[in-house]
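Secondary and tertiary structure notes
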Amino acid sequence: MLRARRRAAQKDERLNYLRHRLFQPTDIYKAFCTAGLISIAVATSCQAHVLAEVAELADAGTASAAKPDKGRADTVKKAEPAKAQTVEVRAAKETYDARREDTATKIVVTQEEIAKYGDTELTDVLKRQPGITVSSGGGISMRGLGYGYTQILLNGEKAPPGFSLETLSPDMVERIEIIRAATAEFSTQAIAGTVNIVLKKAVKIAQRELKLGIAKGHGYTAPNASLQVSDKEDGFSYSVNGYVSHSKFGVAGQEQLTGTDAQGQTTLSRHTTRDSAGTFDGIGFSPRLNFTLANGDTLASQTFINADRQYRSQAGRYELLPGDTAPYASDNIQNQSENTWLRSDLNWVHKLKDDAKLDLKAGVNASRRDTDFRQQGYALGGVNTLDSDIVSYAKETGFTLTGKFSTPYFTDHALSVGWDGGSNRRDEARIQRQQDLPGFPGSNRDEVFKATLSRLALYAQDEWNVTPRWSVYLGARWEGLDTRSEGNLFNAIHNRSSVFSPLFQTLWKLPDSKSDQVRFALTRTYKAPSIGSLVPRRYTSVNNSAVNPDSQGNPNLRPELATGIDAAYEHYWGEGAMFSASVYARQISDLIRNRVAQVDGTWLSTPINDGRARTRGIEMDSKFPLRSMLDGAPAIDVRANLTRNWSTVEDVPGPNNRLAQQTPFSATVGLDYHTAGNKLTTGGSYSFKSGGPIRISENQQVYTVPRRELDFYGLYKFTPKTQLRLTLANILRQDYFNESDYFDQNGRLNETTVWPSSMHVRLNLEIKL
């Protein structure tokens, strides 16, 4: 007994040491943050110098530029009549800077930037973008806010239920749009902002490109391959993108569960070693057909098909002290799932008189998931005390119908009106079979339910160029949601809600300046409850406790509503050089949070609407070629961004009563270097995401450790058609650490988990056939 307590005390010391060690900033973090702050300071201080150079060039007649007309097909730079010059012709879509010129704020990540690090998952691309953080489970958040506050769109439409970014290969993406303030055209379920993922569609030239890659790390191997084929003829073009991937992993983690009574005396100390291993196989296929009709109309068909199979096994070994009431001393968990997902859209664009057009799109989607979850538990001496097998099946089908009519009804106006509707139905069955073992009665339980989510939105928006230096965006969107569900274990439920969202944005280019502009936005957005949080189906936890409770939906949930303001200052100088500083604030009502309580002797977590919250923050980002500030500098591109967020939940006592999962501070600094002729390109990126304690309810607190990630890449071009890309990801190899607490007048229960991570080396061979 004394030996077991001594081992538990040593493990507590190691966990505390790890927690405090990870919380301290390292020297490399200081160096990178210092470099980022210096680059931002230098960028802002060079404004007068750059303006003077531009004025001097203008006086000499060697620099003249006009804002491209978004409605024209191309822009031509005219040569001076006094002397011969090279005439440069560029497509307006290629030279147009949406971030700088659009009234509604938008950051566009191009395909070149997406491919730079040779990432095999889209989440790895997103984590380097301004204001975006990625959780250990792959969740995407903007403004540091957690799951559900950031809207994820696919080709401008809400991603269907069950869709995961991890199943989408970066090679299938044309660009990523990061939209900080909501617009009427897209759904306003975007309290934090919107990430719109646009799949490849434009076909510029005939292309055949093959990519072969492999990633390797400690206990991790992942080969992958992708192929892109495209071609075009008069009035017709097509592109086909596909990928296959396989990965396998093995890792060992640690869990510690500690309980104390009201006097602070230890009543429970349970340490668990958990070995986890598994495989993942995925395949994706995305064909697109484009037709240009005789009258100038266009017809496009795009389909995305994905299938994957996952297998994971875990073996847990418990170190129990006398008096511990754990139902078993070891367990073995096996989880296998197969998923398929399909989406197909048909888009018709009809041109009308006076540059007006009608844009209609119809789409269907379907998905299926089959899961087999088996858990076995053993008491001391190897006696089998639990043998549970849960087989579940889920099928989703749906359709979407959208339309938009746009017209420049007055000079300097761009009016659009439209609708966005659709419906999704989910059918699910869950069959649980638990053997009747001596002393442990079996439990057979069958659950069947179906749910339907229907939505309809109507919107109108107008972008008005009031003057050449001032533009205004006005929009309004009404969106209604209707949810119906029924099952064999609960009565039929009908939930209906609607939100009206007025929207205003403006862009003002400062007088007597070609480089400086300010933005302001006033928006109303919302966060709708998910189907899973509305259906009162119960998900059980084998080791039920206050920190690992059962969960159940709440059919009475209402949407969270938010009124927000955004303001930004932007400075542009040289080609590809900019600096932005922005602030934001949101007032949220009907906040949804989870309440944990004991019901009939079992701990249960239920979502509820509970009060209001406020969140605010500061964001800064900059990118520029080093040569734009220092003559003769090497060909290095610098990029840096940082975000500081604050929030307060009114009905939760402080301190640290922030919104759950909010990241207080995040920053990224990156450098890219290329040789003459771009034969060799190298670069690196360092990201930091702070953590700390969060009080999520009167009786609950969680703690997350700050994370630091360092990545490097190198790209060498053997020939114009053959290149090799090497990437080192997660060089710092920081472990994943989480902690959760439940406390009341009877004492405290604390759970900590630690999972190691490893550096991944990726090698990609890219061949144009």
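Residues numbered from 1 in each chain as written. Predicted model: local features only at pLDDT ≥ 70, side-chain atom pairs only at ≥ 80, totals over all residues. Heavy atoms only, no water.

**Topic: the sheet that holds strand β9 (residues 193-199)**
The strand order β3-β8-β9-β6-β7 describes an open sheet built from 5 strands, whose pairing is mixed. Only two strands of the sheet have a single partner each, and these edge strands are β3 (107-109) and β7 (157-158). With 2 bridges joining them, strand β6 (residues 150-154) and β7 adopt antiparallel strand pairing. Along β7, the bridge assignment pairs L153 with K158. (Pairing = 2+ DSSP bridges. Helix = DSSP H or I, 4+ residues; strand = E, 2+ residues; numbered from the N terminus.)

**So, the confidence of the model for the chain**
Looking at the chain, pLDDT values average 83 and 85% of them are 70 or higher. Low pLDDT, under 50, characterises residues 1-93; the predicted model gives this stretch 94 contacts beyond four residues in sequence or across chains. (pLDDT = per-residue confidence, 0-100. Contact = heavy atoms within 4.5 Å.)

**Brief notes about the environment of E463**
Tracing the backbone shows E463 in strand β19 (residues 445-467). Separated by 51 residues in sequence, E463 and D412 place their C-alpha atoms 8.1 Å apart. Of note is the side chain of E463, whose polar atom sits 2.8 Å from the side chain of T103. (Polar contact = N/O pair within 3.5 Å; in protein donor to acceptor, adjacent residues only side chain to side chain.)

**Digging into unusual backbone geometry**
The peptide bond linking G654 to P655 adopts the cis configuration, its omega dihedral lying at 0°. The residue P655 is located in the loop between β30 (636-649) and β31 (665-674) in this model. Phi angles above zero are rare outside glycine, and D412 is one such case at about 70°. Along the polypeptide, D412 turns up in the loop between β17 (384-407) and β18 (413-434). Even without being a glycine, D590 presents a positive backbone phi close to 55°. Note that D590 resides in the loop between β26 (578-589) and β27 (592-599).

**Considerations on the nonpolar core**
L168, I176, V195 and I197 are the most contacted members of the largest nonpolar core, which has 35 residues in total. Those elements that place two or more of their residues in this core are β3, α7 (122-126), β4 (132-134), β5 (140-142), β6, β8 (173-179) and β9. (Core = buried A, V, L, I, M, F, W, Y, C linked by side-chain atoms within 4.5 Å. Buried < 20%, exposed > 50% of the residue type's maximum accessible area, 1.4 Å probe, protein only.)

**Digging into the sheet that holds strand β23 (residues 538-539)**
Hydrogen bonds between backbone atoms are what pair the strands of a sheet, whose relative direction is either parallel or antiparallel. Strand order in the open sheet made by the 4 strands is β23-β24-β28-β27, with mixed pairing throughout. Every interior strand has two partners, whereas the edge strands, β23 and β27, have only one. Sheet topology note: the β27/strand β28 (residues 602-609) ladder contains 8 bridges and is antiparallel. Bridge assignment links V596 to a residue of β28, and that residue is S605.

**Details of a nonpolar patch on the surface**
A contiguous nonpolar patch, built from V364, F399, L401, W419, L456, L458, W478 and F500 and spanning about 760 Å² of accessible area, is present on the exposed surface. Counting residues per element, the ones that place at least two in the nonpolar patch are β17 and β19. Looking at the secondary structure, you find F399 in strand β17. (Patch = residues over 30% accessible without salt bridge, like charges linked within 9 Å, V, L, I, M, F, W, Y side chains within 5 Å. Areas by Shrake-Rupley, 256 points an atom, 1.4 Å probe, with all protein chains shown as cover. Salt bridge = Lys/Arg side-chain N within 4 Å of Asp/Glu carboxyl O.)

**A short note on the packing of aromatic side chains**
A full pass over the atoms with the stated rule returns 9 aromatic pairs. A connected cluster of aromatic rings, assembled from ring pairs, spans F236, Y238 and F291. Positioned over the ring face of Y117 is R128, at 3.8 Å from the centre of the ring. Sitting above the plane of the Y736 ring, R707 keeps its charged end 4.0 Å from the centroid. (Phe/Tyr/Trp six-rings, centres within 6.5 Å; stacked < 30°, edge-to-face > 60°. Lys NZ or Arg CZ within 6 Å of the ring centre and 35° of its normal.)

**Notes on empty space enclosed by the protein**
In this structure the tally under the stated criterion is 5 cavities of 30 Å³ or more. Approximately 150 Å³ is the volume attributed to the largest cavity. As for the largest cavity, its lining consists of 18 residues, and the residues nearest its centre are T105, R519, D566, A567 and A568. Of all the secondary-structure elements, those providing two or more residues to the lining of the largest cavity are β21 (490-509), β22 (516-527), β25 (560-572) and β26. It is β25 that provides the largest number of residues to the lining of the largest cavity, a total of 4 residues. Partitioned by chemical class, the residues of the lining of the largest cavity number 6 nonpolar, 6 polar and 6 charged. (1 Å grid on protein atoms, 1.4 Å probe; cavity = no way out; pocket = protein on both sides within 12 Å on 5 of 7 lines; lining within 4 Å. Points joined across faces, edges and corners; volume = space filled by probe spheres on them. Nonpolar A, V, L, I, M, F, W, Y, C, P; charged D, E, K, R; others polar.)

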